[in-house]
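What the coordinates show
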Amino acid sequence: MAFLDLSHLEKSFGATRVVKDFDLSIEKGEFVSFLGPSGCGKTTVLRMVAGFEKPTTGTIRIDGRDVTRLKPNQRNIGMVFQAYALFPNLTVAQNVGFGPKVAGMAKAEIGERVEEMLKLIGLPDLGDRFPWQLSGGQQQRVALARALAVRPQVLLLDEPLSALDAKIRVSLREEIRALQKELGITTIFVTHDQEEALSMSDRVVVMHEGKAAQVGSPFEIYTWPKTRFVASFVGTLNLLEGEVIDAGRMRLDGIEVPVARGLDGRGTGEPVTVALRPEAVSLGLNGSGLAGTVESVAFLGAVVRTRVKLGRQTITLDSFNQTATRPPEPGAPVRLMFGADDLLVLGED
Amino acid sequence: MRGRLWSIAVVLIGALYFFLPLIGMFEFSLRMKRGVYSFEAYRVVLGDPHFQQTFGYSVVLALLTIVLGVLIVVPTAYWIRLRLPSIRPVVEFVTLLPLVIPPIVIVFGYIRIYNTSSWLPLTGSWLGTNLLILFGYATLSLPYMYRAVDTGLRTIDVATLTEAAQSLGAGWGRILATVILPNVFVSVLSGAFLTFAIVIGEYVFAALLNLDTFGPYMVWMGSNRAYEPSALAVIAFAITWACMALIQLLTHFSTFAKARR
Ligand SMILES: Nc1ncnc2c1ncn2[C@@H]1O[C@H](COP(=O)(O)OP(=O)(O)OP(=O)(O)O)[C@@H](O)[C@H]1O
Ligand SMILES: [Mg+2]
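Conventions used here
Residues numbered from 1 in each chain as written. Chains lettered and ligands numbered in written order. Predicted model: local features only at pLDDT ≥ 70, side-chain atom pairs only at ≥ 80, totals over all residues. Heavy atoms only, no water. Helix = DSSP H or I, 4+ residues; strand = E, 2+ residues; numbered from the N terminus. Buried < 20%, exposed > 50% of the residue type's maximum accessible area, 1.4 Å probe, protein only. Contact = heavy atoms within 4.5 Å. Areas by Shrake-Rupley, 256 points an atom, 1.4 Å probe, with all protein chains shown as cover. Buried area = accessible area lost by both parts, 1.4 Å probe. Salt bridge = Lys/Arg side-chain N within 4 Å of Asp/Glu carboxyl O. Nonpolar A, V, L, I, M, F, W, Y, C, P; charged D, E, K, R; others polar. pLDDT = per-residue confidence, 0-100. Expected span 1.5 Å × (residues − 1). Polar contact = N/O pair within 3.5 Å; in protein donor to acceptor, adjacent residues only side chain to side chain. Domains from an automatic or database assignment. Pairing = 2+ DSSP bridges. Axes fitted to C-alpha atoms, helices over the stretch in contact; angles between N-to-C directions. Near = heavy atom within 4 Å. Left-handed = near helix turned anticlockwise from the far one by under 90°. Patch = residues over 30% accessible without salt bridge, like charges linked within 9 Å, V, L, I, M, F, W, Y side chains within 5 Å.

1. Comments concerning the overall build of chain B
Within chain B, the secondary structure is distributed over twelve helices and zero strands. Each helix and strand of chain B, placed in order from N terminus to C terminus, yields the pattern α-α-α-α-α-α-α-α-α-α-α-α. Along the three orthogonal principal directions, the C-alpha set of chain B runs to about 75 × 70 × 30 Å. Looking at chain B as a whole, 40% of its 261 residues qualify as buried. In chain B, of all internal contacts separated by at least 6 residues, the share reaching a separation of at least 24 is 74%. Carbon and sulfur atoms make up 72% of the accessible area of chain B, which amounts to about 14,300 Å² in all.

In structure tokens:
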């Protein structure tokens, strides 16, 4: 049985159902991200795990124990907030020692634990400072140490990096991940930044309107999005509309293209959405392939991003910036080529 | 230029109106000994055992009022900010009532409800009467105490700090004592000094409940002596002003500390 088990979680505020039939099993030591747009219910699920919200229905189990009805202070969960939420009247050391003190640990032991935690987050000398004397990144690290000081069974982080600037965000996310691996602590990380989710996690839960749209490894989520929503939210996939011909072919703007997988069981003439990764498409000036017109060309350093108009649709494609071949001019006629494997048939949201 | 002259004139007239009686009173309080200025009246007042006794009594009452006020107001204001923000206007209105309803009405109400032939005869015993006046004073201090604490709570993120403490295992008592109270301490103090100033000079409650506090003593002095009442009045003024100055000082220091945040 999984270490953290959420089954059939539902949450309504008044008449609006904010979380719907949410199932998730997390293994011990796993790092799972909740990724989704604002208002999709990420925080609400996290707060139910922490005990700050009561689920309307469903159960939450940690290590086999049903904690659904337990109060937040009985759950042994560490929580890190977007706004740091350090106690302003206490020093860094007192903040970190708060949990152990509540737990009734002896003074000497608390001191040791605080020292260990401050060393862990790389701020061993800042114990006597007050929160307002620290930078945002330092404050968030202290908040992390404070959450970890009670040796929680589960660590919950709600957009912990959103208030920081870009550079610190990247370095801190690597630190958090390294720390999590070192401690082997089961972690849920909430974010609306796909890069953050994909780079840090063992598994990503893409959330959409209170439901888990797809659960999988970052590679799976990025490479094989299951629904239109996941495809459009994660990465920069092209979404193309067409209709089914048979199990191996579809029609895109009047042109017949082969599709390797995903069309079984769909009726002829049925509308279908496929996704196409920009780096899977290559560009030719003549010969075979779909005929289109270059709309715009953008240099992104090593990569050139070209937008090609193909009938009613626009396809974005990325190619390496090679000095030997000049990129096409806008308005030039081109041919687009991709394999039957690269067309991902998407399900409904 | 003309407008400036006018405003200076107005301030001057206002200051004269306010300070002349005070100066007059002070001057008068120094004339107990014929022909020379002296602090004789102050010496007599401060040496009067009755003064010491009533003043000490009032100080103890004031301190107890502050403790009671903090115990009532801090958890209430906290809970309303945290869980019942919608009823805040109602509570604010209720806490303002003591400013609108004259103390004499309140104390008559008390005496009617808690007299010796009632179901809870508080006025019948020494302890009961003291409890009653304590509750009365806590009521009088509500408008100042509640506002001060509520303003203090506004400067911290009550909800998130509470949740952070909860996730670390803390219960309500600990959250109030170690997270909330220390962070609104300066506000509590400024409410406390106002309460102190009010309770020290309070007359109506004490007189009608027949308690020998500083307020009735001042009145008794006023109707029986010549110089000493002036000295007393100056002392009472000094206490009030000291309280005000302390509030100013505290607010100054707390805004200073926040600016550095
Ligand atoms: N206490 C509440 N009362 C009523 N509605 C709420 C409450 N908390 C959240 N909601 C609603 O639930 C929905 C989901 O909120 P939630 O905070 O879980 O979103 P989120 O995915 O964390 O978004 P964000 O990325 O903006 O933090 C929102 O529409 C929000 O308005
Ligand atoms: Mg959120």
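2. Here we look at the overall build of chain A
Check the secondary structure of chain A and you find eight helices and 20 strands. Across its three principal directions, the C-alpha atoms of chain A cover 80 × 50 × 35 Å. Every one of the 349 residues in chain A was classed for burial, and the buried ones make up 49%. A fraction of 66% describes how many contacts in chain A between residues 6 or more apart in sequence connect residues 24 or more apart. In the structure as shown, chain A presents an accessible area of about 16,000 Å², 50% of it carried by carbon and sulfur atoms.

3. Details of the interface of chain B and chain A
The partner chain A presents 20 residues to the 19 residues of chain B that form the contact. When the two sides are added together, the surface that chain B and chain A hide from each other amounts to roughly 1,900 Å², 66% of it contributed by carbon and sulfur. Between chain B and chain A we count one salt bridge in total. A salt bridge links Arg47(A) to Glu163(B); the nearest nitrogen and oxygen atoms lie 2.8 Å apart. Of all the secondary structure elements, the ones that give two or more residues to the side of chain B that touches chain A are helix H7 (158-167) and helix H8 (172-183) of chain B. At seven residues, H7(B) tops the list of elements feeding residues into the side of chain B that touches chain A. Class assignment for the residues of the side of chain B that touches chain A results in eight nonpolar, seven polar and four charged.

4. Focus on the confidence of the model for chain B
Do not read the fine detail of predicted coordinates wherever pLDDT is low. All names here are of chain B. Taken as a whole, chain B shows an average pLDDT of 87; of its residues, 97% reach a score of 70 or greater. Across chain B, element-level confidence peaks in H7 with a mean pLDDT of 94 and bottoms out in helix H12 (residues 228-260) with 76. Reported confidences for the modelled complex are a pTM of 0.81 and an ipTM of 0.82.

5. Describing helix H9 (residues 185-201) of chain B
Taking 1.5 Å of rise per residue, the 17 residues of H9(B) would be expected to cover 24 Å, and the 25 Å separating its terminal C-alpha atoms lies within 8% of that figure. Where H9(B) is concerned, the buried positions are Ser187(B), Val188(B), Ser190(B), Gly191(B), Ala192(B), Thr195(B), Phe196(B), Ala197(B), Val199(B) and Ile200(B).

6. Observations regarding the pattern of salt bridges
Considering all chains together, one arrives at 23 salt bridges over all chains under this definition. Across the pair Arg173(A) and Glu195(A) runs a salt bridge, and its minimum N-O distance is 3.0 Å. One end of the pair, Arg173(A), is in helix H5 (residues 166-183); the other, Glu195(A), is in helix H6 (residues 194-200), with 22 residues separating them in the sequence. Among the residues examined, Glu195(A) registers a relative accessible area of 49% and is labelled partly exposed. A salt bridge links Asp202(A) to Arg177(A), with the nearest nitrogen and oxygen atoms 2.8 Å apart. You can see Asp202(A) sitting in the loop between H6 and strand S9 (203-208) and its partner Arg177(A) sitting in helix H5, a full 25 residues away along the chain. Given the relative accessible area of 31%, Asp202(A) is considered partly exposed. Overall, the relative accessible area of 12% leaves Arg177(A) in the buried class. Three or more residues joined by partner-sharing salt bridges are found here, namely Arg81(B), Arg88(B), Glu92(B), Arg147(B) and Asp150(B).

7. Some points on the side chain of Asp150(B)
Residue and element names in this part refer to chain B. Secondary-structure assignment places Asp-150 in helix H6 (residues 126-154). We classify Asp-150 as buried; its relative accessible area is 3%. Among the polar contacts made by the side chain of Asp-150, one reaches the side chain of Arg-88 at a distance of 3.4 Å. When residues no more than four places from it in sequence are discounted, the contact partners of Asp-150 are Arg-81, Arg-88 and Glu-92.

8. Quick look at the domain arrangement of chain A
Residue and element names in this part refer to chain A. The assigned domain composition of chain A is domain 1 (4-232) and domain 2 (237-345). Put simply, the middle of domain 1 and the middle of domain 2, counted by C-alpha atoms, are 40 Å apart. Facing the seven residues of domain 1 at the interface are eight residues of domain 2. Of the roughly 670 Å² buried between domain 1 and domain 2 on both sides combined, carbon and sulfur atoms contribute 59%. Of all residues in domain 1, Tyr-222, Arg-228 and Ala-231 give up the largest surface area on contact with domain 2, accounting jointly for 59% of the area buried on that side.

9. Observations regarding the sheet that holds strand S6 (residues 77-80) of chain A
All names here are of chain A. Pairing within the open sheet is mixed, and its six strands lie in the order S6-S7-S8-S3-S9-S10. Two strands close off the open sheet at either side, each with one partner strand: S6 and strand S10 (211-216). Taken pair by pair, the neighbouring strands of this sheet meet at an average axis angle of 20°, ignoring direction. Helix H1 (residues 42-50) rests against strand S3 (31-35), S6, strand S7 (154-158), strand S8 (186-191) and S9 of the sheet, and its axis sits at about 150° to S7.

10. Brief notes about the site of ligand 1
Residue and element names in this part refer to chain A. In the neighbourhood of ligand 1, the contacting residues comprise Phe-13, Val-18, Pro-37, Ser-38, Gly-39, Cys-40, Gly-41, Lys-42, Thr-43, Thr-44, Glu-159 and His-192. Within the side chain of Lys-42, an N or O atom sits 2.9 Å from an oxygen atom of ligand 1. Protein burial of ligand 1: of its 640 Å² of free accessible surface, 56% is covered by the chains. For the shell around ligand 1, the element with the highest residue contribution is H1, accounting for three residues. Per-class residue counts for the shell around ligand 1 are four nonpolar, six polar and two charged.

11. Points about the packing of helix H5 (residues 103-114) of chain B against H6(B)
Residues and elements named next belong to chain B. Close contact between H5 and H6 brings their axes to 11 Å; oriented N to C, the two are set at 145°. The handedness of the crossing between H5 and H6 comes out as right-handed. In this structure, H5 uses Pro-103, Tyr-110 and Tyr-114 to contact H6, whose residues at the interface are Leu-132, Phe-135, Gly-136, Thr-139 and Leu-140. By residue class, the composition of the contact of H5 with H6 is six nonpolar, two polar and no charged.

12. Details of the side chain of Gln214(A)
All names here are of chain A. Position of Gln-214 among the secondary structure elements: in strand S10. Here Trp-224 takes part through its backbone oxygen, which lies 3.1 Å from a polar atom of the side chain of Gln-214. Not counting chain neighbours up to four residues away, the residues in contact with Gln-214 comprise Val-204, Val-205, Val-206, Glu-220, Ile-221, Trp-224, Pro-225, Lys-226 and Val-230.

13. Describing a nonpolar patch on the surface
All names here are of chain B. Together, Leu-16, Phe-18, Phe-19, Leu-20, Ile-23, Phe-237, Trp-241 and Met-244 give the surface a local cluster of nonpolar side chains, amounting to about 780 Å² of exposed area. Those elements that provide at least two residues to the nonpolar patch are helix H1 (2-29) and H12. At five residues, H1 tops the list of elements feeding residues into the nonpolar patch. Relative to the elements of secondary structure, Phe-19 occurs in helix H1.

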